[in-house]
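Overview (structure and organization)
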Amino acid sequence: MSLQDFRTHVDQSCRYSEEFVNIYYDCMDKKRRNLTRLYLDKATLVWNGNTVSGQDALGEFFESLPSSEFQVHTLDCQPVHEQATQGQTTLVVVTGGIVKFEGNKQRFFNQNFLLTAQTTIHHALYIHI
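You'll find the protein chain entered in an unreviewed UniProt entry as Nuclear transport factor 2, with Cynoglossus semilaevis given as the organism. Of the comments in the UniProt record for the protein chain, the one headed Function (unreviewed entry) reads "Has a role in nuclear-cytoplasmic transport of proteins and mRNAs."

In structure tokens form, the structure reads like this:
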């Protein structure tokens, strides 16, 4: 990959990541029932050391959380080299900021995502795994 191609790839990765983060936290705060659509069927979430796996368990977990208000202050994204993912386009996305869950005081948070491209009939989508 040429330097120009690499820069273009990184720029696209940053745009996709920013779009994903906006959608994810909007769903977390306002449309939690839609949040599992951003996860693969066999996805695993680790939340404060607790593991949740599979679509049904993820849906139950998200619905059990109190309402939230996330404010993302930092976002970093790095494309994962294709040799590490058997050619699958993958991004590491790291976010940080402040969250307030109903009935709790405001806290700092950070969250890491591993996104992978999934092809649909219409286009490629990045999905959290």
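Text resumes after the structure shown.
Membership of the largest hydrophobic core comes to 26 residues, with the highest contact counts inside it found for Y24, L35, Y39, L45 and F62. Looking at which element gives the most residues to this core, the answer is helix α1 (residues 3-30), with six residues. Beyond its immediate chain neighbours, meaning those up to four positions away, F62 contacts Y24, M28, R32, L35, T36, Y39 and L45.

A separate point is the pattern of salt bridges. For the structure shown, the criterion picks out two salt bridges. We note a salt bridge from K30 to D26, for which the minimum N-O separation is 3.4 Å. Here K30 pairs with D26, and both are found in helix α1, just four residues apart, close to one helical turn. The partner of D26 in a salt bridge is K31, and the shortest N-O contact between them spans 3.0 Å. Residue K31 is classed as partly exposed on the basis of its relative accessible area, which comes to 34%. One network of salt bridges, in which partners are shared, links D26, K30 and K31.

For N48, which is not glycine, the phi dihedral falls at a positive 50 degrees. Of note, N48 is situated in the loop between β1 (44-47) and β2 (50-53). On the basis of relative accessibility, which here comes to 71%, the residue N48 falls in the exposed class.

Procedures and definitions
- Residues numbered from 1 in each chain as written.
- Predicted model: local features only at pLDDT ≥ 70, side-chain atom pairs only at ≥ 80, totals over all residues.
- Heavy atoms only, no water.
- UniProt positions renumbered as here; feature names shortened; annotations may be inferred.
- Core = buried A, V, L, I, M, F, W, Y, C linked by side-chain atoms within 4.5 Å.
- Buried < 20%, exposed > 50% of the residue type's maximum accessible area, 1.4 Å probe, protein only.
- Helix = DSSP H or I, 4+ residues; strand = E, 2+ residues; numbered from the N terminus.
- Contact = heavy atoms within 4.5 Å.
- Salt bridge = Lys/Arg side-chain N within 4 Å of Asp/Glu carboxyl O.

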